[in-house]
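# Overview (structure and organization)
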Amino acid sequence: IGYLRHAEIKHGRVAMAGFLGYLAQSTDLVSGPHKILPYKGYEPGLTPPEQWDAIPLVGKLQIITLIGMLESYGEILDPHYTAGGLPGYFPPIKGKRPELVRNLYHPFGFFKFNTEEQKARGRQVEINNGRL
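It should be emphasised that the depicted structure is a prediction, and the values quoted were computed from it without experimental measurement.

What follows is about the overall build of the protein. In terms of regular secondary structure, the protein is built from five helices and zero strands. Partitioning the intrachain contacts of the protein with sequence separation of at least 6 by distance along the chain shows that 35% fall at a separation of at least 24. Accessible surface, the protein: about 10,200 Å² in total, of which carbon and sulfur atoms supply 65%.

Together, Trp-52, Ile-63, Ile-64 and Ile-67 make up a nonpolar patch on the protein surface, roughly 380 Å² of accessible area in all. For the nonpolar patch, the element with the most residues is helix H4 (residues 57–73), which contributes three residues. Take Ile-64: its relative accessible area is 52%, and that puts it in the exposed class.

The subject of this paragraph is helix H1 (residues 2–25). Its 24 residues give H1 an end-to-end C-alpha distance of 34 Å, which sits within 8% of 34 Å, the value for a rise of 1.5 Å per residue. Within H1, the full set of buried residues consists of Gly-2, His-6, Ala-7, Ile-9 and Gly-12.

What follows deals with the pattern of salt bridges. In this structure the tally under the stated criterion is four salt bridges. The shortest N-O distance in the salt bridge between Arg-5 and Glu-8 comes to 3.4 Å. With a gap of three residues between them, Arg-5 and Glu-8 both fall in helix H1, about one helical turn apart. Given a relative accessible area of 29%, Arg-5 falls into the partly exposed group. Overall, Glu-8 belongs to the partly exposed group, its relative accessible area being 27%. In this structure, Lys-119 and Glu-116 form a salt bridge, with 3.8 Å as the shortest nitrogen-oxygen distance. Taken together, the residues span about one helical turn, with Lys-119 and Glu-116 both in helix H5 (residues 116–130) at a distance of three residues. For Lys-119, a relative accessible area of 31% puts it in the partly exposed group.

Okay, H4 next. Helix length check: H4, at 17 residues, gives a terminal C-alpha distance of 24 Å against a target of 24 Å (1.5 Å per residue), a fit within 8%. Along H4, the residues that are buried comprise Gly-59, Lys-60 and Tyr-73. Projected onto a plane normal to the axis of H4, the buried residues spread over an arc of 165° and lie on a single side. Away from its buried face, by an angle of more than 90 degrees, H4 presents the exposed residues Leu-57, Val-58 and Ile-64.

A few words on the side chain of Lys-60. Examined against the element boundaries, Lys-60 turns out to sit in helix H4. One buried charged residue, Lys-60, remains without a salt bridge, the closest side chain of opposite sign being Asp-53 at 4.6 Å.

Relative to the elements of secondary structure, His-6 occurs in helix H1. Once you skip the residues sitting within four places of it in the chain, His-6 turns out to touch Tyr-81, Pro-87, Gly-88 and Tyr-89.

Rules and cut-offs
Residues numbered from 1 in each chain as written. Predicted model: local features only at pLDDT ≥ 70, side-chain atom pairs only at ≥ 80, totals over all residues. Heavy atoms only, no water. Helix = DSSP H or I, 4+ residues; strand = E, 2+ residues; numbered from the N terminus. Contact = heavy atoms within 4.5 Å. Areas by Shrake-Rupley, 256 points an atom, 1.4 Å probe, with all protein chains shown as cover. Patch = residues over 30% accessible without salt bridge, like charges linked within 9 Å, V, L, I, M, F, W, Y side chains within 5 Å. Salt bridge = Lys/Arg side-chain N within 4 Å of Asp/Glu carboxyl O. Buried < 20%, exposed > 50% of the residue type's maximum accessible area, 1.4 Å probe, protein only. Expected span 1.5 Å × (residues − 1). Arc of directions from axis to C-beta. Lys, Arg positive; Asp, Glu negative; His and termini not counted.

Written as structure tokens, this is what we have:
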């Protein structure tokens, strides 16, 4: 069950981030003209799928490599989510590398004073938000 719950939470997060990313890429701020080109081959006025197609192969490989690195880093938990650990939890990277100043699981610390009941309710709300 832990594997399925972890996958459900992760896919819900990816879907929500993808939706927000699509909305952000549709704005004039991102897809409109820029004074300084963000990357080689940039063309203003493209839709989000066209923007992805316009990214050079090296840029796409960097994005996919970062996702793979984060995915493998999330599997080193003790206890693992399939052996009684917390599904959906991502271990903190903050402090292990000087350029990483935020904890990816809890980047701004808004909920660090929540009780265990509030945290459990928040996890359930996140799962329900990922479901349609």
